[in-house]
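Residue-level listing of the chains:
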Amino acid sequence: MTFKSVKSLSIYNTINFHVSLFAFDVYNPMQNMEGHMRLSVNVDHFATIREARRSDEPDPVLAALLAELAGAEGIVCHIRADRRHIKERDLFLFRQSLKTKLNIEMAATEEMKRIALDVKPDVVSLVPERDEELTTEGGLDVADNQEHLKDHIPALQKAGIKVSIFVDPDIDQITACRDVGANLIEINTAKYSDLKPGEERDEALVEVKRSAVHGRQLGLEVHAGHGLDYKNIGPIAEIPELTEFSIGFSIIARSAIVGIEKAVREMVELLK
Ligand code: PXP
């Protein structure tokens, strides 16, 4: 599917109409000022619902535009080798219609690199991928894949795409991210998120903090994500080295009850 053929889809016009209707009332460009923690919303699971019936709704592109209007400063999606949720069509429409920042998660394969060079998102997040997994299960093993990543990353950067690496809160892995030339890292918060409040979770939080400080000292921009929700975001949002959070499941689950705009606004409030 080409950029041109996507442009002719009727949904494209519907979405632009929807945005122009609301843009003046709700969109606040001051929200993009630096100096605060940004929320990027991962909209994969709107596509998961769509694919449950191989239908054309709900449209993740429309959901993404509404998330932006509610204060999201970036939209994230993951195009998987099996295309279980997000598809090329979504990527081209995101690229054409988003007002903030498009971050596409993908494996470091040749197929995915070609897609990235075609779509030209603002950021590519390199993640490990396993066919049978329900969601990304851990950070990329950067230390063991340095040669491949050093080969893979420059073409993306030459095309003006920033490269992020999803990485476990591990000092050596983060140093390896710097060594392979990443622009930024996203620290995997899954271990912290999976634990209940208590001593063990406090230790996981310290690991995230230490990793964020290390990343900043290496000159990397440091983001965090995975498993973050309305209850566990508080302590993580107090880490000053973190500038952005990538949150999907909890926001999409809440939006099924209260709507995407309210669900996003509630999370933005918690980051203030
Ligand atoms: N960051 C990465 C790299 C991910 O793969 C995901 C899940 O797609 C997320 C963040 C968001 O995680 P969650 O859906 O648990 O908020």
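Above this note sits the structure.
Predicted, not measured: the structure shown is a model, and the values here were computed from it.

## Some words on the site of the ligand
Point 1. Around the ligand sit 14 residues, and of these T136, E186, G227, G248 and F249 come closest.
Point 2. The contact in question runs from an oxygen atom of the ligand to an N or O atom on the side chain of N42, over 3.4 Å.
Point 3. For the ligand, an oxygen atom lies 2.8 Å from a polar atom in the backbone of G248.
Point 4. The fraction of the free accessible surface of the ligand (390 Å²) that becomes covered by protein chains is 93%.
Point 5. Of the residues that constitute the shell around the ligand, the class distribution is four nonpolar, seven polar and three charged.

## Quick word on the sheet that holds strand β7 (residues 221–225)
Point 1. Taken in spatial order, the eight strands of this closed barrel run β1-β2-β3-β4-β5-β6-β7-β8, and their pairing is parallel. Taken over all neighbouring pairs, the strand axes of this sheet differ in orientation by 25° on average, direction set aside.
Point 2. Where strand β3 (residues 102–106) and strand β4 (residues 123–126) come together, four bridges link them in parallel fashion. Residue M106 lies in a different strand from β4, and its bridge partner there is L126.
Point 3. Each of β1 (38–42) and β8 (242–247) touches helix α12 (residues 249–258); the most contacted strand, β1, lies at about 70° to it.

## A word on helix α4 (residues 60–69)
Point 1. The element α4 is largely enclosed, with a buried count of nine among its ten residues.
Point 2. Those residues of α4 that sit buried are P60, V61, A63, A64, L65, L66, A67, E68 and L69.
Point 3. Directly beyond the C-terminal end of α4, a positive phi value near 120° is found at G71.

The rules behind these values
- Residues numbered from 1 in each chain as written.
- Predicted model: local features only at pLDDT ≥ 70, side-chain atom pairs only at ≥ 80, totals over all residues.
- Heavy atoms only, no water.
- Near = heavy atom within 4 Å.
- Polar contact = N/O pair within 3.5 Å; in protein donor to acceptor, adjacent residues only side chain to side chain.
- Areas by Shrake-Rupley, 256 points an atom, 1.4 Å probe, with all protein chains shown as cover.
- Nonpolar A, V, L, I, M, F, W, Y, C, P; charged D, E, K, R; others polar.
- Pairing = 2+ DSSP bridges.
- Helix = DSSP H or I, 4+ residues; strand = E, 2+ residues; numbered from the N terminus.
- Axes fitted to C-alpha atoms, helices over the stretch in contact; angles between N-to-C directions.
- Contact = heavy atoms within 4.5 Å.
- Buried < 20%, exposed > 50% of the residue type's maximum accessible area, 1.4 Å probe, protein only.

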